[in-house]
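Structural overview
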Amino acid sequence: MNLEEEIRDNYKISVKMKKVWEVQMDISKKIFEICNKYQLKIVCCGGTAIGALRHHGYIPWDDDIDLAMLRDDYDKLCSVAKDEFKDPYFFQTAYTDKGYCYGHAQVRKNGTTAILKWDVFKDFHLGIYVDIFVLDAIPNDENVLRKLRERTEKLQHDMFIKAFF
């Protein structure tokens, strides 16, 4: 990766940002290595997928990598994570890091720092990371879907209150 500052799509990409991207690419390589070992399916999603298609890499103003897995593969990754993600990598969930309050996994790199403004006073590992989201089935029944949305919104609200107040 070229670590020199550059302008891409009228956006200045700093050397610092490129160094963050470089760490994220290293973390992603480790994630894909483990997924290949266990034959787990994982895909790019969100801005990462858009960037891959539209920009042939990162969206110039994006600052993370977003990956997603179906529930069975995600659960399998979580079950092997302790044995597979060794220093300098840290597999982070609410179960592996007591202060972590998000509903998805992150793989972080020890010896790095990525403090988001809403995480400034959090007490959990704050290294540079890659997000791994779980994709669960969506019910076809509208009533079941409505109840699921209501429950999800309540859980999100409760998590927000716990995390920020």
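It should be noted that the structure appears before, not after, this text.
Presented here is an overview of the structure given in this document. These figures come from a predicted structure and were not determined experimentally.

1. A closer look at the side chain of threonine 48
- Considering the arrangement of structural elements, one finds threonine 48 in helix H2 (residues 46-55).
- Judged by relative accessible area, threonine 48 falls into the buried class, the value being 15%.
- At a separation of 2.7 Å, a polar atom in the side chain of threonine 48 contacts the main-chain amide nitrogen of aspartate 66.
- Discounting residues that sit within four places of it in the chain, threonine 48 has contacts with Asp62, Asp64, Ile65 and Asp66.

2. Brief notes about helix H4 (residues 142-164)
- For H4, spanning 23 residues, the distance from its first C-alpha to its last is 32 Å, which sits close to the expected 33 Å at 1.5 Å a residue.
- Structurally, the start of H4 carries an N-cap: the backbone nitrogen of asparagine 143 is 2.8 Å from a side-chain oxygen of aspartate 141.

3. Details of a nonpolar patch on the surface
- On the surface, Trp118, Phe160, Ile161 and Phe164 cluster together into a nonpolar patch covering about 380 Å² of accessible area.
- By the secondary structure assignment, phenylalanine 160 is in helix H4.

4. Re the nonpolar core
- Counting residues in each nonpolar core, the largest one holds 29 residues, and the members touching the most others are Ile31, Met69, Leu77, Phe85, Phe91, Val107 and Ile132.
- Mapped by element, the contributors of at least two residues to this core are helix H1 (15-37), strand E4 (66-70), helix H3 (71-84), strand E5 (89-92), strand E6 (105-109) and strand E7 (129-135).
- The dominant element in this core, judged by the number of residues it contributes, is H1, at 8 residues.
- What methionine 69 contacts, discounting residues up to four positions off in sequence, is Cys35, Leu40, Lys41, Ile42, Tyr74, Leu77, Ile132, Phe133, Val134 and Leu135.

5. Some remarks on the sheet that holds E4
- Across the sheet, 5 strands lie side by side as E3-E4-E7-E6-E5; this open sheet has mixed pairing. The open sheet is flanked by strand E3 (43-44) and E5, the only strands paired with a single partner.
- As paired elements, E5 and E6 share 4 bridges and run antiparallel to each other. Its bridge partner lying in E6, tyrosine 89 is registered against lysine 109.
- This element, H1, spans E4, E5, E6 and E7 of the sheet and lies at about 40 degrees to E7.

6. Details of the pattern of salt bridges
- Counted under the stated rule, the structure contains 10 salt bridges.
- Two residues, arginine 8 and glutamate 6, come together in a salt bridge whose shortest N-O distance is 3.2 Å.
- The class for arginine 8 is partly exposed, based on a relative accessible area of 25%.
- Across the pair arginine 71 and aspartate 75 runs a salt bridge, and its minimum N-O distance is 3.2 Å. Of this pair, arginine 71 and aspartate 75 both sit in helix H3, 4 residues apart, which is roughly one turn of that helix.
- Members of the salt-bridge network, linked through shared partners, are Glu6, Arg8 and Lys18.

Parameters and conventions
Residues numbered from 1 in each chain as written. Predicted model: local features only at pLDDT ≥ 70, side-chain atom pairs only at ≥ 80, totals over all residues. Heavy atoms only, no water. Helix = DSSP H or I, 4+ residues; strand = E, 2+ residues; numbered from the N terminus. Buried < 20%, exposed > 50% of the residue type's maximum accessible area, 1.4 Å probe, protein only. Polar contact = N/O pair within 3.5 Å; in protein donor to acceptor, adjacent residues only side chain to side chain. Contact = heavy atoms within 4.5 Å. Expected span 1.5 Å × (residues − 1). Patch = residues over 30% accessible without salt bridge, like charges linked within 9 Å, V, L, I, M, F, W, Y side chains within 5 Å. Areas by Shrake-Rupley, 256 points an atom, 1.4 Å probe, with all protein chains shown as cover. Salt bridge = Lys/Arg side-chain N within 4 Å of Asp/Glu carboxyl O. Core = buried A, V, L, I, M, F, W, Y, C linked by side-chain atoms within 4.5 Å. Pairing = 2+ DSSP bridges. Axes fitted to C-alpha atoms, helices over the stretch in contact; angles between N-to-C directions.

Take it as geometry only, folks, not as evidence of what the structure does.
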